[in-house]
Amino acid sequence: MFKRKNLLGLQNLSREEITFLLDTAVPMKDIISRPIKKVPTLRGKTVVNLFYENSTRTRSSFELAAKYLSADSINISSSSSSVAKGESLYDTARTIQSLGADAIILRHPMAGSPRLLARSVNAAVINAGDGAHEHPSQALLDLFTVRERMGRLAGLRVAIVGDVLHSRVARSDIWGFTRMGAEVSVCGPPTLIPPGLDRMGVRVFHRLEEALPDANVIIMLRIQKERQQQGLFPSLREYAILYGLNRRRLALAKSGALVLHPGPMNRGVEISADIADGTSAVIEEQVTNGVAVRMALLYLLAGGGERHENDY
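Every value quoted in this text rests on a predicted model; they were computed, and no experiment measured them.

A.B. asks: What's the story with the UniProt feature "binding site: L-aspartate" (unreviewed entry) in the chain in this structure? I'm lost.
C.D. replies: The UniProt entry lists Lys-85, Arg-168 and Arg-222 under the feature "binding site: L-aspartate" (unreviewed entry), expressed in the numbering used here. If we ignore the near neighbours within four places in the chain, the residues touching Arg-168 are Glu-53, Arg-107, His-108, Gly-129, Asp-130, Gly-131, Ala-132, His-133, Glu-134 and His-135. Engagement of the side chain of Arg-168 in a polar contact is seen with the side chain of Glu-53, the distance being 3.1 Å. Note on Arg-222: relative accessible area 24%, which makes it partly exposed.

So this is what it looks like as structure tokens:
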């Protein structure tokens, strides 16, 4: 049973809680495959997408998840709300609470913002990405995709490659896969690997040829071009030569290895087009599974039964 009020990250979730979330997403995916993708489960509930950063996949999948469960969905972006007039997150959240929101999906550039929000409102809060901290629903859909394809998570070898320093996806994936019994390694330029990752139970490599052998799962992270002005690596071309995933490098991994990417992709930089569109990639499946996982989260947090009231 998942009795938490909020989903702020995966760091503090148990293996049993993660398993329950993934199991709950299975029948949700069945709903998506129906001709009529609608069930009355959350009829009368209101879900608010409160996004302070741009998003395509996460925002649209949460919106679809709410609609498939018959909840009312409202989208609020910082550029078109009172935030642009200087309103604080606290006051925005209290306003949303007063309007009767049952769940608030928050994406914010500052780490810890969902925790602050959870202490300020009675609605369930789901972290849709806070700074470079965590992105728990993305990690859950990665876990779901791998488990669905591989039949297990325990014992798998997972390689996370790229800009780990700025990646909230990487942190949530590390917590999630290690908690489920997988062996995780990370790889990237020294300037893009934060110190102390060994304390999270992962191995660190700086050469892709050392990180990929025997990998069952390869998660390629987006190079955040907006960080390029910081000079953390010489050029995108050099990065692609040293860390881009191509057929030659994919051949180093286990036969049948899966390739994941949280999107959006920089084709030809972190991943070649033939790999992105090939049979090893499950990137489109990740998008579909993201809706199912987020349906499960909304069901459990906005109307799925008994919850603890203070889990932050």
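There's more to say after this.
A.B. asks: I'm lost on the domain arrangement of the chain in this one. Help?
C.D. replies: How big an interface is tends to be stated in terms of accessible area lost as the parts join. Split by domain assignment, the chain resolves into domain 1 (6-134 + 288-303) and domain 2 (136-284). With centres defined by C-alpha atoms, the gap from domain 1 to domain 2 works out at 25 Å. Contacts between the two partners involve 35 residues from domain 1 and, on the opposite side, 27 residues from domain 2. Between domain 1 and domain 2 the total buried area reaches about 2500 Å² when both faces are included, carbon and sulfur atoms providing 60% of it. Taken as a group, Leu-10, Arg-15 and Leu-22 account for 24% of the area that domain 1 buries against domain 2, more than any other trio of residues on that side. One salt bridge connects Asp-23 with Arg-147, and the closest N-O pair in it is separated by 2.9 Å. Joining domain 1 to domain 2, the criterion identifies 12 residue pairs in polar contact (both at pLDDT 80 or more). Of all the elements, helix α1 (residues 15-32) adds the most residues to the side of domain 1 that touches domain 2, at 9 residues.

A.B. asks: Explain the UniProt feature "binding site: carbamoyl phosphate" (unreviewed entry) in the chain here, please?
C.D. replies: Per the UniProt entry, the sites bearing "binding site: carbamoyl phosphate" (unreviewed entry) are Arg-57, Thr-58, Arg-107, His-135, Gln-138, Gly-263 and Pro-264 in this numbering. Locating Arg-57 in the fold gives a position in helix α2 (residues 57-68). Look past the residues within four positions of Arg-57 in its chain and what remains in contact with it is Pro-262, Gly-263, Pro-264 and Arg-294. Tracing the backbone shows Pro-264 in the loop between β9 (258-260) and α10 (273-276).

A.B. asks: Looking at this structure, how should I read helix α5 (residues 136-150)?
C.D. replies: Residues separated by three or four positions in an α-helix point in the same direction, a consequence of the helix having 3.6 residues per turn. The terminal C-alpha atoms of α5 lie 21 Å apart, and with 15 residues this matches the ideal 21 Å at 1.5 Å per residue to within 8%. For α5, the set of buried residues is Pro-136, Ser-137, Gln-138, Ala-139, Leu-140, Leu-141, Asp-142, Leu-143, Phe-144, Thr-145 and Val-146. One or two residues past the end of α5 sits Gly-151, with phi positive at roughly 80 degrees.

A.B. asks: Just to check I follow, could you spell out the sheet that holds strand β4 (residues 124-130) for this structure?
C.D. replies: The strands making up a sheet associate through backbone hydrogen bonding, with each pair oriented either parallel or antiparallel. Pairing in this open sheet of 4 strands is parallel, and the strands run β2-β1-β3-β4 from one edge to the other. The outermost strands of the open sheet, each flanked by one partner alone, are β2 (72-77) and β4. Across the sheet, the mean angle separating the axes of adjacent strands is 15 degrees when strand polarity is ignored. Inspection of the sheet shows strand β1 (residues 46-51) paired to β2 by 6 bridges, in the parallel sense. Across the sheet, the residue bridging to Asn-49 is Asn-75, located in β2.

A.B. asks: Whenever I open this one, the sheet that holds β9 confuses me. Can you help?
C.D. replies: Strand order in the open sheet formed by 5 strands is β7-β6-β5-β8-β9, and the pairing between neighbours is parallel. What marks the edges here is a single partner per strand, and that holds for β7 (203-205) and β9. Each adjacent strand pair in this sheet contributes to an overall mean axis angle of 20 degrees, direction not counted. With 5 bridges connecting them, strand β5 (residues 157-161) and strand β6 (residues 183-187) associate as parallel partners. Looking at β6, one finds that Val-158 is bridged to Val-184. The strands touched by α5 within the sheet are β8 (217-220) and β9, with β9 carrying the most contacts at an inclination of about 165 degrees.

A.B. asks: Could you clarify how one ought to interpret the packing of aromatic side chains in this entry?
C.D. replies: The geometry of two aromatic rings is summed up by the distance between their centres and the angle between their planes. Tallying each qualifying case throughout the model produces 1 aromatic pair. In this structure, Arg-59 is placed above the aromatic ring of Phe-51, and the distance from its NZ or CZ to the ring centre is 5.8 Å.

Cut-off values and rules
Residues numbered from 1 in each chain as written. Predicted model: local features only at pLDDT ≥ 70, side-chain atom pairs only at ≥ 80, totals over all residues. Heavy atoms only, no water. UniProt positions renumbered as here; feature names shortened; annotations may be inferred. Contact = heavy atoms within 4.5 Å. Polar contact = N/O pair within 3.5 Å; in protein donor to acceptor, adjacent residues only side chain to side chain. Buried < 20%, exposed > 50% of the residue type's maximum accessible area, 1.4 Å probe, protein only. Domains from an automatic or database assignment. Buried area = accessible area lost by both parts, 1.4 Å probe. Salt bridge = Lys/Arg side-chain N within 4 Å of Asp/Glu carboxyl O. Helix = DSSP H or I, 4+ residues; strand = E, 2+ residues; numbered from the N terminus. Expected span 1.5 Å × (residues − 1). Pairing = 2+ DSSP bridges. Axes fitted to C-alpha atoms, helices over the stretch in contact; angles between N-to-C directions. Phe/Tyr/Trp six-rings, centres within 6.5 Å; stacked < 30°, edge-to-face > 60°. Lys NZ or Arg CZ within 6 Å of the ring centre and 35° of its normal.

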